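What follows is each chain in one-letter form.
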Amino acid sequence: MAGRRGISAMAQKQLLVLVDLDGVMADFDGHFLTKWKQTYPEEPFIALEDRKTFYLVDQYETLKEGLKPKIKSVYQSKGFFRELPPIAGACDALKEMNEMEGVKVFICSSPLFFYKYSSTEKFAWVEHYLGADWINRTILTRDKTIVNGHILIDDNVKIKGAVDCPSWEHVVFTAHYNKHMNLRGKKRLDNWTDGSWRDLIMDFKKRL
Ligand SMILES: O=c1ccn([C@@H]2O[C@H](COP(=O)(O)O)[C@@H](O)[C@H]2O)c(=O)[nH]1
Ligand SMILES: [Mg+2]
């Protein structure tokens, strides 16, 4: 019994970090723009620095009405999610984070409602860039509020779902479209390259 208590006490000290894929590990917006220009060169586009909304459609529709089906045709196409380029430093940072004592990292990502390619391709992306072991640590869900963890690193400023007060604290990963948004007190992580993610994780570990 004492042994069991010991194990559970150790388990409580594990920091559970949930990390989003699109916009945090994988460059959804940048890849969309490349494919958009290739597929619809006659249509207007929005430079990454000028992006202002999480959903592409919301901003593109202000340029020209009726672009929605074309926009969807790009990110719903076969291969789109598998071909997403990794964000600089993300994969190395995640591997290092997961090696930190008392830290467990999980990928937490939403497949599209049109899940046909995005679900399988997200797993394929993780396997390719992080390794097959990470398939065991990949959670695909349309509702991140029901997932248990201490931190969720996610570029979407508004994460809504069935649970009003999720277990995790939301750390907003900076993206072009969210850099001017009011985070209402939430912390930011700007990139994976300047090492600031290590300080963030150590801060959360101290609070366990
Ligand atoms: O314009 C967009 C931008 C993103 N999406 C999809 O929303 C989810 C977001 O997933 P996260 O795991 O929160 O990054 C994902 O399915 C994106 O592909 C979109 O539909 N339209
Ligand atoms: Mg995202």
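Quick caveat, the model's predicted, so the values are computed rather than measured.

Peer 1: Can you lay out the side chain of S119 for me, pointing to particular residues and giving the numbers?
Peer 2: Note that S119 resides in helix α6 (residues 115–130). Not counting residues within four places of it along the chain, the set of residues in contact with S119 comprises P111 and L140.

Peer 1: Lay out the packing of aromatic side chains in plain terms, naming residues and giving numbers.
Peer 2: Given two aromatic rings, their pairing is described by the distance between the two centres and the angle made by the two planes. By the definition in use, this model includes 13 aromatic pairs. With 5.9 Å between their ring centres and 50° between their planes, F28 and F81 make a pair best called tilted. Remark: F81 occurs in the loop between α4 (68–75) and α5 (90–99) and F28 occurs in helix α2 (residues 28–39); sequence separation between them is 53 residues. Judged by relative accessible area, F28 falls into the buried class, the value being 14%. We classify F81 as buried; its relative accessible area is 2%. Following the ring pairs from residue to residue traces out a cluster consisting of F28, Y75, F80 and F81. Above the plane of the ring of F45 lies K37, whose end atom (NZ or CZ) is 4.4 Å from the centre. Residue placement shows R207 over the ring face of F204; its charged tip is 4.4 Å from the ring centre.

Peer 1: An account of the side chain of K122 is requested, with residue identities and associated values reported.
Peer 2: Checked against the element boundaries, K122 lands in helix α6. A relative accessible area of 1% means that K122 is categorised as buried. Side chain to side chain, K122 and D22 meet in a polar contact 2.7 Å long. Residues in contact with K122, not counting those within four places in the same chain, are L21, D22, F81, S109, S110, P111 and L140.

Peer 1: So what's going on with α2? Which residues, and what values?
Peer 2: Think of an α-helix as 3.6 residues a turn; residues three or four steps apart then line up on the same face. For α2, built from 12 residues, the straight-helix expectation of 16 Å at 1.5 Å per residue is met to within 8% by its first-to-last C-alpha distance of 16 Å. Tucked into the core, α2 has its buried residues touching α3 (56–63) and α4. Capping of α2 at its N-terminal end is provided by D27; its side-chain oxygen lies 2.9 Å from the backbone amide nitrogen of G30.

Peer 1: How would you summarise the packing of α5 against helix α7 (residues 196–206) if you had to cite specific residues and measurements?
Peer 2: Packing of α5 against α7 brings their axes to within 11 Å, and their N-to-C directions diverge by 30°. In terms of their interaxial angle, α5 and α7 are classed as roughly parallel. The element α5 and its partner α7 pack so that their crossing is right-handed. Facing α5, whose interface residues are A93, E96 and M97, α7 presents W197, R198 and I201.

Peer 1: Outline the coordination of the magnesium ion (ligand 2), listing residues and values.
Peer 2: Ideal geometry at a metal centre gives angles of 109.5 degrees when four donors are arranged tetrahedrally and 90 or 180 degrees when six donors are arranged octahedrally. Binding of the magnesium ion (ligand 2) to the protein goes through D20 (OD), D22 (O) and D155 (OD), at separations of 2.1 Å. Read N to C, the donor residues that coordinate the magnesium ion (ligand 2) are spaced as D-x1-D-x132-D. The residues D20 and D22 share a single accessibility class, namely buried.

Peer 1: Account for the environment of H170, naming residues and giving values.
Peer 2: Within the secondary structure layout, H170 lies in strand β5 (residues 169–173). A residue is classified by how much of its surface remains accessible, and H170, at 7% relative accessible area, is buried. Separated by 133 residues in the primary sequence, H170 and K37 have C-alpha atoms spaced 33 Å apart. Only 3.2 Å separates the side chain of H170 from the backbone oxygen of D154, close enough to count as a polar contact. Within polar-contact distance, the side chain of H170 engages the side chain of K186 at 3.3 Å.

Peer 1: Run through the packing of α5 against α6, naming residues and quoting values.
Peer 2: Between α5 and α6, the least distance of the axes is 10 Å, while the angle of their chain directions is 80°. Relative to α6, the element α5 is oriented roughly perpendicular. Of the residues in α6, those in contact with C91, L94 and K95 of α5 are W125, Y129 and L130. Residue classes in the contact of α5 with α6 are distributed as 5 nonpolar, no polar and 1 charged.

Conventions adopted
- Residues numbered from 1 in each chain as written.
- Chains lettered and ligands numbered in written order.
- Predicted model: local features only at pLDDT ≥ 70, side-chain atom pairs only at ≥ 80, totals over all residues.
- Heavy atoms only, no water.
- Helix = DSSP H or I, 4+ residues; strand = E, 2+ residues; numbered from the N terminus.
- Contact = heavy atoms within 4.5 Å.
- Phe/Tyr/Trp six-rings, centres within 6.5 Å; stacked < 30°, edge-to-face > 60°.
- Buried < 20%, exposed > 50% of the residue type's maximum accessible area, 1.4 Å probe, protein only.
- Lys NZ or Arg CZ within 6 Å of the ring centre and 35° of its normal.
- Polar contact = N/O pair within 3.5 Å; in protein donor to acceptor, adjacent residues only side chain to side chain.
- Expected span 1.5 Å × (residues − 1).
- Axes fitted to C-alpha atoms, helices over the stretch in contact; angles between N-to-C directions.
- Parallel < 35°, antiparallel > 145°, perpendicular 65-115°, else oblique.
- Left-handed = near helix turned anticlockwise from the far one by under 90°.
- Donors = N, O, S within 2.8 Å, 3.2 Å for Na, K, Ca; no water.
- Nonpolar A, V, L, I, M, F, W, Y, C, P; charged D, E, K, R; others polar.

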